[in-house]
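Overview (structure and organization)
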Amino acid sequence: KRTSKPPERLKRKVTLLKPLVFNATPLIYLCKIGLSNVLVQFSEEKYTTPDVIREVVDKGKSLGAPDAFVVEQLVQQSTIKVKAPGNLAFIKQLAKIPDLHRAEAQVLALAKEVNGIAILDESIARQVARIFNIEAHGTVYLLLRLLFRGKLSKAQVREALDKMITAGWRLT
């Protein structure tokens with residue numbers, strides 16, 4: 001009968017995955033090109049904020065944007081959870097930064113609160129994230145993670161980028 005513990009080298013290291021906190025642009029363009037299903041490929045918790053939902057779903061539905069209905073469905077299925085950031089003082093501080101939109105400030109604040117990764121494509125928001133030590137990446141990061149995990153091929157990633165650009169996606 002063996003009572004000793006397994007050697008350290010055989011122990012599995014459990015890596016906790018950081019939650020993903022989505023801004024509007026990545027959600028809109030992944031849905032526009034028909035890749036909303038890739039979001040379920042990420043086992044991390046996925047969040048967005050009330051302002052992002054207003055921008056993507058409410059405003060999008062009023063404009064008849066099909067991607068708005070897809071995002072709404074992702075929320076209804078709890079693939080993406082809507083959560084308001086609680087640190088209002090931090091949001092107020094972020095609101096003073098020129099060119100940083102309110103929804104971006106909410107995404108950054110929530111990512112900081114949940115020790116997550118802000119997923120946004122706007123350069124000003126990513127610069128602010130660096131200043132406040134918030135991990136931030138964009139839509140391309142998600143596509144590359146899927147490539148490296150073998151969930152998408154190089155051709156599929158290239159096609160996704162081409163479709164996003166054709167649909168109007170750009171890094172700002």
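Residues numbered from 1 in each chain as written. Predicted model: local features only at pLDDT ≥ 70, side-chain atom pairs only at ≥ 80, totals over all residues. Heavy atoms only, no water.

Taking 1.5 Å per residue as the helical rise, helix 2 (residues 50-62) with its 13 residues ought to reach 18 Å, and the 17 Å between its terminal C-alpha atoms agrees with that figure. Among the residues of helix 2, those classed as buried are Asp51, Val52, Ile53, Val56, Val57 and Gly60. Packed against the buried residues of helix 2 are strand 1 (20-22), helix 1 (24-32), strand 2 (46-48), helix 3 (66-76), strand 3 (81-82) and helix 5 (102-113). Looking one or two places after helix 2, you find glycine 64, whose phi comes out positive at around 75°. (Helix = DSSP H or I, 4+ residues; strand = E, 2+ residues; numbered from the N terminus. Expected span 1.5 Å × (residues − 1). Buried < 20%, exposed > 50% of the residue type's maximum accessible area, 1.4 Å probe, protein only. Contact = heavy atoms within 4.5 Å.)

A separate point is the environment of alanine 68. Tracing the chain through its elements places alanine 68 in helix 3. Residue classification places alanine 68 among the buried residues on the basis of a relative accessible area of 0%. With 58 residues separating them along the chain, alanine 68 and arginine 126 place their C-alpha atoms 24 Å apart. When sequence neighbours within four positions are dropped, the list of residues in contact with alanine 68 reads Val56, Val57, Gly60 and Lys61.

The full count for this structure, using the stated rule, is one aromatic pair. Geometrically, the ring pair formed by phenylalanine 90 and phenylalanine 132 is edge-to-face, given 5.1 Å between the ring centres and 80° between the ring planes. Here the residue phenylalanine 90 occupies a position in helix 4 (residues 88-95), and phenylalanine 132 occupies one in the loop between helix 6 (123-131) and strand 5 (135-137), the gap between them amounting to 42 residues. Look at phenylalanine 90 and you get buried, because its relative accessible area is 6%. (Phe/Tyr/Trp six-rings, centres within 6.5 Å; stacked < 30°, edge-to-face > 60°.)

Before going further, it helps to examine the sheet that holds strand 4 (residues 117-119). If you trace the five strands from one edge of the open sheet to the other, you get 3-2-1-4-5, paired in parallel fashion. Edge strands, defined here as strands with exactly one partner in the open sheet, are strand 3 and strand 5. Taken together, the three bridges between strand 1 and strand 2 define a ladder with parallel strand orientation. Looking at strand 2, one finds that phenylalanine 22 is bridged to threonine 48. Sitting on the sheet, helix 2 is in contact with strand 1, strand 2 and strand 3, with an inclination near 80° to strand 2. (Pairing = 2+ DSSP bridges. Axes fitted to C-alpha atoms, helices over the stretch in contact; angles between N-to-C directions.)

The next subject is the confidence of the model for the protein chain. Averaged over all residues, the pLDDT of the protein chain is 90; the fraction at 70 or higher stands at 90%. Per-residue pLDDT stays below 50 along residues 10-14; that stretch engages in one contact with residues further than four places along the chain or on separate chains. (pLDDT = per-residue confidence, 0-100.)

Turning next to the pattern of salt bridges. Scanning the entire structure with this criterion turns up eight salt bridges. Where glutamate 44 meets arginine 145, a salt bridge forms, and the shortest distance between an N and an O atom there is 2.3 Å. One end of the pair, glutamate 44, is in the loop between helix 1 and strand 2; the other, arginine 145, is in helix 7 (residues 139-148), and 101 residues separate them in sequence. Here glutamate 44 falls in the buried class, since its relative accessible area comes to 4%. Where lysine 61 meets glutamate 72, a salt bridge forms, and the shortest distance between an N and an O atom there is 2.8 Å. Residue lysine 61 is located in helix 2, and its partner glutamate 72 is located in helix 3; the two are separated by eleven residues in the primary sequence. For lysine 61, a relative accessible area of 31% translates into the label partly exposed. Take glutamate 72: its relative accessible area is 22%, and that puts it in the partly exposed class. (Salt bridge = Lys/Arg side-chain N within 4 Å of Asp/Glu carboxyl O.)

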